[in-house]
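Examination of the molecular architecture
What follows is each chain in one-letter form.
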Amino acid sequence: MLKNIGLVWLKDDFRIQKNLALIEASQNHDQVIAFFLYKNKKFQNQEAQKWWVCQSLKEFRSKLSKFNIMLEVVETDSYKSFFEKLFVKKNFSLYWNKTYEPKYIEFDDFLLKNLKINKIKFKVFKGNILNEFNEVKKNDGTPFKVFTPFWRSAEKFYLEKIPFKQKSITKCKKKISYFKKTINEKDICPKKNWFKKFEKIWVPSEEIALKELKNFIKEGLENYSEARNFPNINGTSKLSPFIKHGQIHVETIWEECSAIKKNGATKFLAEIGWREFNHSLINYFPHMLNKNYSKKFDKFPWQKNSKFLSAWKKGMTGYPIVDAGMRELYSTGWMHNRVRMIVGSFLVKHLLINWKEGEKHFRNCLLDFNEANNVSGWQWVAGCGADAAPYFRIFNPILQGEKFDKEGNYVKKWVPELKSVPKNFLHKPWELKNENILKLGVDYPSPIVNHEQARLKALAAFKKI
Ligand SMILES: Cc1cc2nc3c(=O)[nH]c(=O)nc-3n(C[C@H](O)[C@H](O)[C@H](O)COP(=O)(O)OP(=O)(O)OC[C@H]3O[C@@H](n4cnc5c(N)ncnc54)[C@H](O)[C@@H]3O)c2cc1C
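Calculation rules
- Residues numbered from 1 in each chain as written.
- Predicted model: local features only at pLDDT ≥ 70, side-chain atom pairs only at ≥ 80, totals over all residues.
- Helix = DSSP H or I, 4+ residues; strand = E, 2+ residues; numbered from the N terminus.
- Rg over C-alpha atoms; globule rule 2.2 N^0.38 Å.
- Buried ≥ 20, exposed ≤ 12 C-beta atoms within 10 Å, placed from the backbone.
- Contact = placed C-beta atoms within 7 Å.
- Pairing = 2+ DSSP bridges.
- Axes fitted to C-alpha atoms, helices over the stretch in contact; angles between N-to-C directions.
- Parallel < 35°, antiparallel > 145°, perpendicular 65-115°, else oblique.
- Nonpolar A, V, L, I, M, F, W, Y, C, P; charged D, E, K, R; others polar.
- Domains from an automatic or database assignment.
- Right-handed = clockwise from strand over helix to strand, strands pointing away.
- Near = placed C-beta within 6 Å.
- Left-handed = near helix turned anticlockwise from the far one by under 90°.
- Core = buried A, V, L, I, M, F, W, Y, C linked by C-beta atoms within 7 Å.

**Quick look at the overall build of the protein chain**
The helix and strand inventory of the protein chain stands at 19 helices and five strands. In terms of overall size, the protein chain behaves like a compact globule, its C-alpha atoms giving a radius of gyration of 24 Å where 465 residues would be expected to give roughly 23 Å. When the 465 residues of the protein chain are sorted by exposure, 41% land in the buried category. Considering only contacts in the protein chain between residues 6 or more positions apart, those separated by 24 or more positions represent 77%.

**Considering the environment of Lys356**
Position of Lys356 among the secondary structure elements: in helix α15 (residues 355–365). Remark: the alpha-carbon pair of Lys356 and Ser168, spanning 188 residues in sequence, is separated by 42 Å.

**Considerations on the sheet that holds strand β1 (residues 5–10)**
Judged by pairing direction, the sheet is parallel, and its five strands sit side by side in the order β3-β2-β1-β4-β5 without closing on themselves. Of all strands in the sheet, those with a lone pairing partner are β3 (70–75) and β5 (122–125), marking the two edges. Each adjacent strand pair in this sheet contributes to an overall mean axis angle of 25°, direction not counted. Of the pairings in the sheet, the one linking strand β4 (residues 92–97) to β5 comprises four bridges and is parallel in character. What sits directly across from Trp96, in β5, is Val124. In the packing of helix α3 (residues 47–65) onto the sheet, contacts are made with β2 (32–38) and β3, and the angle to β3 comes to roughly 145°.

**Description of the packing of helix α11 (residues 263–284) against helix α16 (residues 371–382)**
Taken N-terminus to C-terminus, the directions of α11 and α16 make an angle of 90°; their axes are 8 Å apart at the nearest point. One element, α11, and the other, α16, form an angle in the roughly perpendicular class. Residues Arg275, Asn278, His279, Leu281 and Ile282 of α11 pack against Glu371, Ala372, Asn373, Val375 and Ser376 of α16. Here the contact of α11 with α16 is built from residues that sort into four nonpolar, four polar and two charged.

**Looking at the domain arrangement of the protein chain**
According to the domain assignment, the protein chain consists of domain 1 (5–124), domain 2 (128–166 + 206–284) and domain 3 (295–463). Each of domain 2 and domain 3 has a C-alpha centre, and these two points are 27 Å apart. Across the boundary between the two partners, domain 2 contributes 17 residues, which contact 20 residues of domain 3. For the side of domain 2 that touches domain 3, the elements supplying multiple residues, two or more each, are α9 (240–244) and α11.

**Section: the pairing of β4**
In terms of burial, β4 is largely enclosed, as six of its six residues are buried. Residues Phe92, Leu94 and Trp96 of β4 are buried on one face, and the alternating residues Ser93, Tyr95 and Asn97, pointing to the opposite face, are buried as well. As defined by bridge partners, β1 adjoins β4 across five bridges and the pair is classed as parallel. Following the sheet pairing, Leu7 is matched in β4 by Leu94. Between the parallel elements β4 and β5, the chain passes through helix α5 (residues 102–117) in a crossover that is right-handed.

**Concerning the site of the ligand**
Taken together, 27 residues are adjacent to the ligand, and Thr236, Ser237, Ser240, Asn374 and Gly377 come closest. Residue composition of the shell around the ligand, grouped by class: ten nonpolar, ten polar and seven charged. Shared between two domains, the shell around the ligand holds at least three residues of each, these being domain 2 (128–166 + 206–284) and domain 3 (295–463).

**Re the pairing of β1**
Counted residue by residue, β1 has five buried out of six residues, so it is predominantly covered. Taking the sense of rotation as the criterion, the β-α-β connection linking β1, helix α1 (residues 20–28) and β2 turns out right-handed.

**Remarks on α1**
Within α1, seven of the nine residues are buried, leaving the element largely enclosed by the surrounding structure. Restricting attention to buried positions, one finds in α1 the residues Leu20, Ala21, Leu22, Ile23, Glu24, Ala25 and Ser26. Along its buried surface, α1 packs onto β1, β2, β4 and β5.

**Comments concerning the environment of Arg327**
Of note, Arg327 is situated in helix α13 (residues 320–332). Setting aside chain neighbours within four positions, we find Arg327 in contact with Gly315, Trp414 and Val415.

**Focus: the packing of α13 against helix α14 (residues 337–350)**
Here α13 crosses α14 at 115°, and the two axes come no closer than 9 Å. Classed by the angle they form, the pair α13 and α14 counts as roughly perpendicular. Helix-helix and strand crossings are classified by hand; for α13 and α14 the assignment is left-handed. For the pair α13 and α14, the contacting residues are Ile321, Val322, Gly325 and Met326 in the first and Val339, Ile342, Val343 and Phe346 in the second.

**Some words on the nonpolar core**
Residues Val8, Ala34 and Val411 are the most contacted members of the largest nonpolar core, which totals 106 residues. Per-element accounting of this core gives the leading share, eight residues, to α3. Residues within four places of Val411 in sequence aside, it is in contact with Pro320, Ile321, Ala324, Gly401, Asp405, Leu418 and Leu426.

Spelled out as C-alpha cells, the structure:
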C-alpha cells in the first residue's frame, strides 16, 4: 500500500468494470479520490452531452461512495493550469485511462513529462478501446486507410492479447475529500428544458448499459445484419451513448458477443470495429477533425444557405424521412444510423451545405457524440473521408424511405402531421393532391428542393473538383 492519496482523473470512464485506473488506485491506496474536470468551453457546443454527464456524475458518485471513494467535480478553464497547480502539492499519485482524441493524446505527453519532472508517481491505462490506436498498422508500418483490412488485422491482434486477467475494485479504508473548490453537477446541466424528454428514455448508468447489452444479445443480435437498417424497429443496440461515456467497455461487448455463434454477432462486432477504425483515423490524420480528409474536396463549391440549414435542423425540409430523423435527434438525443446517413446525404448533396455544419449540429444534439465517429461519419457521407461513400452515390430520400420505412411507421411517429396520409404517399406527400387529408405548405412543408434537380446540381458541383 502506498502512503499517499490516489487521485483518479475521470473522463469518459463512468464504470467500475474494466476501469483500470480506478481499480489500480483502489488497490494501491487507502484513500482515493476520483475527479472530473468540467471545462465549460469544451461543452459549449455539446448541449445534449451536458445532460448525460450531469446524470452520470450523480449516479457514479453514489456508486463510488460504496467503495469509500469520493467523486469531486472541479471547474477549470485550462487542464494545463489545473495540473500545474496540482503538481505543487505532491502528496498524491495520479491515475487515468487514455482518451483517444489527438488533443488528449497530446495532453498525456504534457502530463507524463511534468509528472516525471515533479517526481510524482503515476499510471496511465488503455481507455475504452480494444486496441491502442497505434498498435494496428500495415506490414510496412503505415496506418490503414481502408476498413476491411484494418479490421481483419485489428481482430487478429486483439485475439492474440486475450484472455486478460480480470481485476476488481477494492473498498478503500477512508472516504475523504481533496479539492477545496468543487462544483455541483447540477451546474453542468443545460439551462434549456428540452432535455426533460431524455429523462423518459435514457438512464445513464453502468447497470443499465450491461442490461441493455444482455437484452440486445437475447432479442436483437441474431437478426442484427438485416434489422439494423430499419429505423422503426429496435434493430440496433442503442448502446452508443453508454459507450461514449464509458458506462460500458468495448471489451465487455466483445467478450459477451464473440462467444455467441449467432449470425449477427460478426456484423455487430464489425460496427465496434468501425469505431476503432475511426479512432485510428483521427489520430493518424488529425487534420480531418476540421478539414476534409481528402484534400481535393477543399475546392468543393459548398453553398451557404441559412434558410435551408434551418429547415434541415428543424425537420421541415418536406422530405418525410429526413424530417423524421432530425426530429428524432432533437427529441431523443439519438438517431438511427440509416437515417443519419440519409439526413447527412441530404444536407451535403441535396442542399450542397458543407458537412461541417451537419457535424456541428450533431455534436450539439447527440448524446453519443464523439469526435472520431462524428467527423468520420460526416466525411463518409460527404465522400471526402477515408474509405467513404463515393460522392456521386446520392441517396434518394423517397426510395430510402420506401425501402427502409415501408409501412411509414417511423415517419408517422416523428412527423405526426402525416399520420392520415396513405402509405403509398407517405414518403412523397406532395403527390397526394388531396387537401382534405393534407394541405401541403400549410400542414406540412412543400419540399425545399426538387430531388431530381438537386441530384443533377450535386453531380455538376462534384464534376468541378
Ligand atoms: C453522419 C454520421 C454521424 C455519426 N456520429 C456518431 C457519433 O457522434 N457517435 C457515435 O457513436 N456514432 C456516430 N455515428 C455512427 C452510428 O450512426 C452510431 O454509432 C449508431 O447509430 C449508434 O447506435 P447503436 O448504438 O444502436 O449502434 P449499433 O448498430 O448497435 O452498433 C454498436 C456500436 O458500434 C458502433 N458503431 C455502430 N455503427 C457505427 C458506425 N457507422 N461508425 C462507427 N461506429 C459505429 C457504436 O459505438 C455503436 O454503439 C455517426 C454516423 C453517421 C452516418
